[in-house]
Amino acid sequence: MKKSSDTKIDPYSPVWNKYRKILHIDLDAFFASVEQRDNPSLVGLPIAVGLNKARGVVASCSYEARKFGVHSAQPSHLAAKLCPNLIFVEGRMEAYKEASENILEIFRRYTELIEPVSIDEAFLDVTQNRLGLRFGVDCAKAIKKDIRKEVGLVASAGVSYNKFLAKIASDWKKPDGLFVIHPAKAQNFIDKLPVKAIWGVGPVTQKKMDSLNIHTCSDLRKQSLFFLTEQFGKAGLSYYNYARGIDERPLRVNRIRKQVSAEITFSKDLSDLSDIQEGFSRVVCQLKERMTRRQFRGFSLTLKVRMSDFKTFSRSHTFDHILEDPQEIYEESLELLSKLDLSKKVRLIGIGIGSPLEVEQEELLPFLEF
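Source: prediction; values computed, not measured.

1. Thoughts on the sheet that holds strand β8 (residues 178-180)
Read across the sheet, five strands follow the order β5-β6-β1-β7-β8 without closing on themselves; strand pairing throughout is mixed. Across the chains shown, the open sheet's two edge strands, defined by having one partner strand only, are β5 (114-118) and β8. When strand polarity is set aside, the average angle formed by the axes of neighbouring strands in this sheet is 15°. Sitting on the sheet, helix α6 (residues 136-151) touches β1 (22-27), β6 (121-125), β7 (155-160) and β8, and the angle it makes with β7 is about 170°.

Listed below in structure tokens is the structure:
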């Protein structure tokens, strides 16, 4: 019997004989690239999409800015220190949405099996694509070319037989990357990956793995399923499978929207209850607009409050009726707020409506011959 750590592929394993052609398409520096596309004077310069204010945050930045250590979700004041010549550009969400929709239309030429992950990335199953292209890499090349020609943006693409590996592949040669992880070479590739490349392995989990002397996926693959589930609970099974290139998750073509939410960060921390209540009025209006646009209705209400020390609290309540009246949402949100300790000033508030009334069935996709 072969040891689990043996990298030789079993030709009779269904994992290797039956698989799909999965693409992960990721737009490079999406928001920043749209700004450079629409304003050629910004091309080649370090730019950040966001506001250069005390509470500003970088939403996206160009690769020229990343060379200085600037990255998304970074406080604007820190980004400005790292890159003194950084140009801040105010975001234009409508322009980004339009570009995203144009790219989605390109995807649909090749396949109807599309799982949008966010506004700038998606998984595609092109096993049986509409153009009859034989190889997944050919679909990826064609899609990248169409996006560049028609939308004026650059995308990176990963090609493999499951979502886990396609996602890793798209990050491998950014920007403007194209990388293929073929089943025949997958295990050797995976073994060399650091464990932090695995979905679900964040700083805390990585620290624990380090303490167990698990640093690479090769180290991980040497561990038994019993040991991994004992150490990491249910996630242990996922780690066990990913280390072997196994990921049978289907594309969620009809993704279930579990919640619609809205939030605001105050320009200064608030302690006065009337000011906080006024903030709730603004959040409820924004939330109702989003619910209407997305035709979303739900039964549960979740309140999110972040204090001046950045500690975040949430409270939820599920009702026996649909929550759609703005006044009721406002009043129930304040009721949940009254259950929190407001001895510290409030930095951010948010409201979410969940437990949707209508839930679509996920479309499960079979494993097909490559």
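Text resumes after the structure shown.
2. A short note on the pattern of salt bridges
Taken as a whole and judged by the stated rule, the model has 19 salt bridges. A salt bridge links R108 to E105; the shortest N-O distance between them is 2.3 Å. With R108 and E105 both in helix α5 (residues 93-110) and three residues apart, this pair spans about one turn of that helix. In this structure R108 comes out as partly exposed when scored by relative accessible area, which is 35%. Linking R109 and E150 is a salt bridge whose minimum nitrogen-to-oxygen distance equals 2.5 Å.

3. Side note on unusual backbone geometry
Residue P175 is reached from K174 by a cis peptide bond, and omega for that bond is -10°. Topologically, P175 is positioned in the loop between α7 (163-172) and β8. We note that A29 has phi near 45°; this positive angle belongs to a residue other than glycine. As for its placement among the helices and strands, A29 is situated in the loop between β1 and α2 (30-38). Phi is positive for A73, close to 70°, though the residue is something other than glycine. Along the chain, A73 falls in the loop between α3 (63-66) and α4 (76-82).

4. Looking at helix α13 (residues 273-293)
Taking 1.5 Å as the rise per residue, α13 with 21 residues should run 30 Å; its terminal C-alpha atoms sit 30 Å apart, in good agreement. Among all positions in α13, only I276, G279, F280, V283, V284, L287 and M291 are buried. End-on view of α13: buried residues confined to an arc of 150°, all on one side of the axis. Turned more than 90 degrees off the buried face of α13, the exposed positions are C285 and T292. In this structure, the buried residues of α13 make contact with β9 (259-270), β10 (298-307), β11 (312-323), α14 (326-337) and β12 (346-356). In the segment just after α13, Q295 is the residue with positive phi, at about 50°.

5. Things to note about the confidence of the model for the protein
As a note on interpretation, predicted positions should not be read in detail where pLDDT is low. Taken as a whole, the protein shows an average pLDDT of 87; of its residues, 90% reach a score of 70 or greater. Confidence scores differ between elements of the protein, with helix α1 (residues 14-17) showing the lowest mean pLDDT of 38 and β7 the highest of 97. Every residue in residues 1-17 scores below 50 in pLDDT, and together they form 23 contacts with partners more than four places removed in sequence or on other chains.

6. Some words on the pairing of β10
In this structure, β10 lies alongside β11, joined through eight bridges in antiparallel fashion. Among the inter-strand pairings, R306 is bridged to a residue of β11, identified as T312. Where β10 folds back onto β11 in an antiparallel hairpin, the turn is made up of four residues, including F310, whose phi is positive at roughly 75°. Across nine bridges, β10 lies against β12 in antiparallel orientation. From the neighbouring strand, K304 faces β12, where its bridge partner is G350.

About the thresholds
- Every chain is numbered independently, its residues counted from 1 as its sequence is written.
- Residue-level local features of this predicted model are given only where pLDDT is at least 70; pairs of side-chain atoms are given and counted only at 80 or more, and the full residue set underlies all totals for whole chains, interfaces and linings.
- Working from all heavy atoms in the structure, the side-chain values ignore hydrogens and water.
- When DSSP locates at least two bridges between a pair of strands, those strands are taken to pair.
- Strands are runs of DSSP state E lasting at least two residues, helices are runs of H or I lasting at least four, and both sets are numbered from the N terminus onward.
- In this analysis, axes come from line fits to C-alpha atoms, helices being fitted only over the stretch in contact, and the angle between any two N-to-C directions falls in the range 0 to 180 degrees.
- Contacts were defined at the residue level, with two residues in contact if any of their heavy atoms lie within 4.5 Å.
- Throughout this description, the term salt bridge denotes a Lys or Arg side-chain nitrogen within 4 Å of a carboxyl oxygen of Asp or Glu.
- Only protein chains enter the calculation, and the probe is 1.4 Å; a residue is then buried if its accessible area is under 20% of its type maximum, exposed if over 50%, and partly exposed in between.
- To estimate how far a helix should extend, the number of its residues minus one is multiplied by 1.5 Å.
- The arc refers to the directions leading from the helix axis to the C-beta atoms.
- For every residue, the predictor reports its confidence as pLDDT, a number between 0 and 100.

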